[in-house]
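The lines below spell out each chain.
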Amino acid sequence: MRLEHISWKKAEEYFKTHDTVIIAIGSIENHGTHIALGTDTLVPDKILELMEDKTEVAIAPTVPYGNADSLADFPGTISIGYDGLYTIMTKITDSLYNFGVRKFVFLNGHGGNIGALDAVALNLNRKGALAATFNWWLIAWDLNPAWKGGHGGAEETAAVMAVNPDFVDMNAIEPMVLNDVSENLKATGFKTVEFKGINVNVTRTVRNLTANGWVGPDHPSNATIEWGKEMLEATANYFAEFVNEFSKVKLEK
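Computed from a predicted structure; not experimentally measured.

**Topic: the overall build of the protein**
- The helix and strand inventory of the protein stands at 8 helices and 7 strands.
- At 19 Å, the protein has a C-alpha radius of gyration in line with the 18 Å of a compact globule built from 253 residues.
- For the C-alpha atoms alone, the extent of the protein along its principal axes is close to 60 × 35 × 30 Å.
- Excluding contacts between residues fewer than 6 apart, the proportion of contacts in the protein whose partners are at least 24 apart in sequence is 74%.

In structure tokens:
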């Protein structure tokens with residue numbers, strides 16, 4: 001049930017007997033030269049579509065913007081930063097809390113959102129509520145390690161293909177070239193360099209790390225629609241089961 005599709009009277013009835021709400025959070029940002037800026041919003045929305053009829057828990061409107069500060073140099077990226085996301089999510093959850101919601105499930109599509117969501121969850125817990133953050137791409141890895149991927153790699157490319165193949169241009173894929181910090185500090189990921197066999201965090205903007213924005217071990221050319229559909233359906237099914245179980249949690253009054 002989508003909150004935006006019902007009247008306030010029906011919402012009132014829902015809140016009399018239910019205290020759980022799902023909120024999806026995405027981002028608009030660079031995902032390489034080959035897939036849509038809205039990847040991190042499109043995928044959570046597709047997961048909601050696939051699981052909606054498997055739960056009675058209400059679904060709030062998706063928050064399409066997130067903390068994408070590290071990618072802000074790429075055209076089209078829209079970042080509301082940590083503070084912006086924290087403020088927006090606090091306002092949303094406070095509103096729902098006032099109607100009796102005590103259990104929140106954040107369906108998250110972007111790694112940069114995690115810090116702000118954790119902070120919101122802690123504040124909710126101090127008020128007697130509980131929030132779970134479901135990072136879909138990490139859950140997918142656990143469901144099937146073969147799906148593990150990076151940013152703009154095959155995992156996300158396959159997911160977007162399952163949403164709409166028109167949002168993917170396989171001919172536009174560029175090689176992944178990471179800029180090392182120095183001869184002895186080799187870039188290994190978004191925030192890491194390798195030194196003597198150990199990864200150390202060195203935070204840089206993504207533009208300083210790579211010219212095109214995709215990072216990971218999973219080459220985008222390996223993505224298929226079939227992979228994406230299987231992955232999103234499995235993730236949506238697991239998400240529905242988790243939401244239904246989470247909604248049964250009894251909290252102290």
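Now that the structure is up, let's keep going.
**Points about the nonpolar core**
- Grouped together as the largest cluster of nonpolar side chains are 57 residues, with contacts concentrated most on Ile23, Phe104, Phe106, Trp136 and Phe239.
- Top contributing element to this core by residue count: helix α8 (residues 225-246), with 8 residues.
- In contact with Trp136, other than residues within four places in its own chain, are Val43, Pro44, Ile47, Leu107, Asn108, Gly109, Glu155, Ala159, Met231, Leu232 and Thr235.

**Details of the pattern of salt bridges**
- Using the criterion set out here, one finds 9 salt bridges in the structure.
- The salt bridge involving Arg2 is made with Glu52; its shortest N-O contact spans 3.1 Å. Of this pair, Arg2 sits in the segment before α1 (8-17) while Glu52 sits in the loop between α2 (39-51) and β2 (58-59), placing them 50 residues apart in sequence.
- The partly exposed category is assigned to Glu52, whose relative accessible area is 24%.
- The salt bridge partner of Glu13 is Lys16, with a shortest N-O separation of 3.0 Å. In this pair, Glu13 and Lys16 both sit in helix α1, 3 residues apart, roughly one turn of the helix.

**As for helix α6 (residues 154-163)**
- Here α6 lies mainly inside the structure; 9 of its 10 residues are buried.
- For α6, every residue scored as buried is listed here: Ala154, Glu155, Glu156, Thr157, Ala158, Ala159, Val160, Met161 and Ala162.
- Its buried side turned inward, α6 meets α2, α5 (136-143) and α8.

**Things to note about the sheet that holds β2**
- Read from one edge of the open sheet, 4 strands run β2-β1-β3-β4, paired in parallel fashion. Every other strand in the sheet has two partners, leaving β2 and β4 (130-135) as the edge strands with one partner each.
- As paired strands, strand β1 (residues 20-25) and β2 are joined by 2 bridges and run parallel to one another. By the bridge assignment for β2, Ile22 is matched with Ile59.
- Relative to the sheet, α8 contacts β1, β3 (103-108) and β4, its axis offset from that of β4 by approximately 175°.

**So, the packing of aromatic side chains**
- Enumeration according to the criterion identifies 7 aromatic pairs in this entry.
- A ring pair is formed by Phe15 and Phe99, whose centres lie 5.8 Å apart and whose planes are at 15°; its orientation type is stacked. Of this pair, Phe15 sits in helix α1 while Phe99 sits in the loop between α3 (81-98) and β3, placing them 84 residues apart in sequence.
- Assessed through its relative accessible area of 15%, Phe15 is described here as buried.
- When the centroid spacing of 6.1 Å and the interplanar angle of 35° are considered together, the rings of Phe134 and Tyr238 count as tilted.

**A closer look at unusual backbone geometry**
- Non-glycine residue Lys196 carries a positive phi angle of around 55°.
- Its location among the elements puts Lys196 in the loop between β6 (192-195) and β7 (198-201).
- With relative accessibility at 72%, the residue Lys196 sits in the exposed group.

Thresholds, definitions, all that
- Residues numbered from 1 in each chain as written.
- Predicted model: local features only at pLDDT ≥ 70, side-chain atom pairs only at ≥ 80, totals over all residues.
- Heavy atoms only, no water.
- Helix = DSSP H or I, 4+ residues; strand = E, 2+ residues; numbered from the N terminus.
- Rg over C-alpha atoms; globule rule 2.2 N^0.38 Å.
- Contact = heavy atoms within 4.5 Å.
- Core = buried A, V, L, I, M, F, W, Y, C linked by side-chain atoms within 4.5 Å.
- Buried < 20%, exposed > 50% of the residue type's maximum accessible area, 1.4 Å probe, protein only.
- Salt bridge = Lys/Arg side-chain N within 4 Å of Asp/Glu carboxyl O.
- Pairing = 2+ DSSP bridges.
- Axes fitted to C-alpha atoms, helices over the stretch in contact; angles between N-to-C directions.
- Phe/Tyr/Trp six-rings, centres within 6.5 Å; stacked < 30°, edge-to-face > 60°.

Worth remembering: the numbers are spatial, not functional.
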